[in-house]
Amino acid sequence: MTNAHFCQTCELIDRRDRGEAPLWDNILRTEYWDVVHAFNTSLPGWLVLVARRHIAAIAELTEEEAAELGALLRRTSTALHEVTGCVKTYALQFAEAEGHSHVHFHVIPRMADQPEERRSTRVFGYLGVPEAERVSEVVMNDIAIQVQRVLSTVVTGSDL
């Protein structure tokens with residue numbers, strides 16, 4: 001990959017393929033999607049569904065990728081509700097950040113007590129925060145274990 005087409009998301013997928021990803025960056029792998037915890041957020045439970053192949057737009061999804069995505073969005077939202085107690089989840093896709101033009105969906109817990117200034121698209125105020133404000137690796141791993149447990153009860157091979 002040339003620098004003009006550098007994709008940090010593809011590098012993270014390669015790391016998962018090699019078995020070198022930490023638990024929080026390897027919550028669930030399906031045929032077409034990876035489920036991971038966002039690494040640069042101050043909001044516990046901010047998950048990301050990452051297309052396993054490099055595509056830059058939703059219109060590039062195959063029918064199979066799209067079908068699996070729909071089921072996975074619902075199941076991941078269910079898991080976040082159970083694990084975090086959120087009242088709903090936001091599902092957003094932009095794929096515009098430098099090095100992350102690869103299709104990925106943010107699945108974000110919206111907590112009952114979430115401040116008004118961090119609701120709707122303003123939730124992105126929790127992302128890209130300084131390292132000292134980020135959810136710790138210990139907490140991300142704990143959430144990953146809990147989400148895996150819930151997903152294992154609601155996801156079977158025939159469901160995805």
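Residues numbered from 1 in each chain as written. Predicted model: local features only at pLDDT ≥ 70, side-chain atom pairs only at ≥ 80, totals over all residues. Heavy atoms only, no water.

What to know about the confidence of the model for the protein
We apply this condition: Predictor confidence is given residue by residue as pLDDT, running from a minimum of 0 to a maximum of 100. Two residues form a contact once any of their heavy atoms are found within 4.5 Å.
On average, the protein scores 92 in pLDDT, and the residues at 70 or more come to 92%. Of the regions scoring below 50 in pLDDT, residues 155-160 engages in nine contacts with residues more than four places distant in sequence or in other chains.

Some points on unusual backbone geometry
Selection rule: Each helix is a run of H or I in the DSSP string that is no shorter than four residues. Each strand is a run of E no shorter than two, and both are numbered from the N terminus. Each residue gets one of three labels from its accessible area relative to the maximum for its type: buried under 20%, exposed over 50%, partly exposed in between, using a 1.4 Å probe on protein chains only.
Backbone geometry at Ala 95 places phi at a positive 55°, although glycine is not the residue there. Considering the arrangement of structural elements, one finds Ala 95 in the loop between β4 (88-92) and β5 (104-110). Of the residues examined, Ala 95 reaches a relative accessible area of 8% and is grouped as buried.

What to know about the sheet that holds strand β2 (residues 33-37)
For clarity, the cut-off: A pair of strands is labelled paired if DSSP reports no fewer than 2 bridges between them. Fitting a line to C-alpha atoms yields each axis, with helices limited to the stretch in contact; the angle taken between N-to-C directions then spans 0 to 180 degrees.
In spatial order, the strands read β1-β2-β3-β5-β4; together these five strands make up an open sheet with antiparallel pairing. Bordering the open sheet on either side are β1 (28-29) and β4, each of which pairs with just one other strand. Looking at chain direction, strand β3 (residues 47-51) and β5 are connected through four bridges and run antiparallel. Across the sheet, residue Val 50 finds its bridge partner in β5, namely His 104. Helix-sheet contacts for helix α2 (residues 63-84) involve β1, β2, β3, β4 and β5, and the interaxial angle to β5 is about 25°.

What to know about the side chain of Arg 16
Among the structural elements, Arg 16 can be located in helix α1 (residues 8-17). When residues no more than four places from it in sequence are discounted, the contact partners of Arg 16 are Ala 21, Asp 25, Asn 26, Arg 29, Asp 34 and Val 36.

Brief notes about the packing of aromatic side chains
Put simply, the rule reads: Note on aromatic pairs: the rings of Phe, Tyr and Trp (six-membered ring only in Trp) are paired at centre separations within 6.5 Å, and the planes decide the class, stacked below 30 degrees, edge-to-face beyond 60, tilted for the rest.
Under the definition given, this model contains three aromatic pairs. Centre to centre, the rings of Trp 33 and Phe 105 are 6.0 Å apart; their planes meet at 70°, and the pair counts as edge-to-face. Of the two residues, Trp 33 sits in strand β2 while Phe 105 sits in strand β5, which places them 72 residues apart along the sequence. Accessibility expressed as a relative area gives 0% for Trp 33, which makes it buried. Residue class for Phe 105 comes out buried when judged on its relative accessible area of 8%. Aromatic pair Phe 94 and Phe 124: ring centres 5.7 Å apart, planes at 65°, arrangement edge-to-face. With Phe 94 in the loop between β4 and β5 and Phe 124 in the loop between β5 and α3 (137-154), this pair connects stretches of sequence that are 30 residues apart. Taken together, the ring pairs in this structure connect Trp 46, Phe 94 and Phe 124 into an aromatic cluster.

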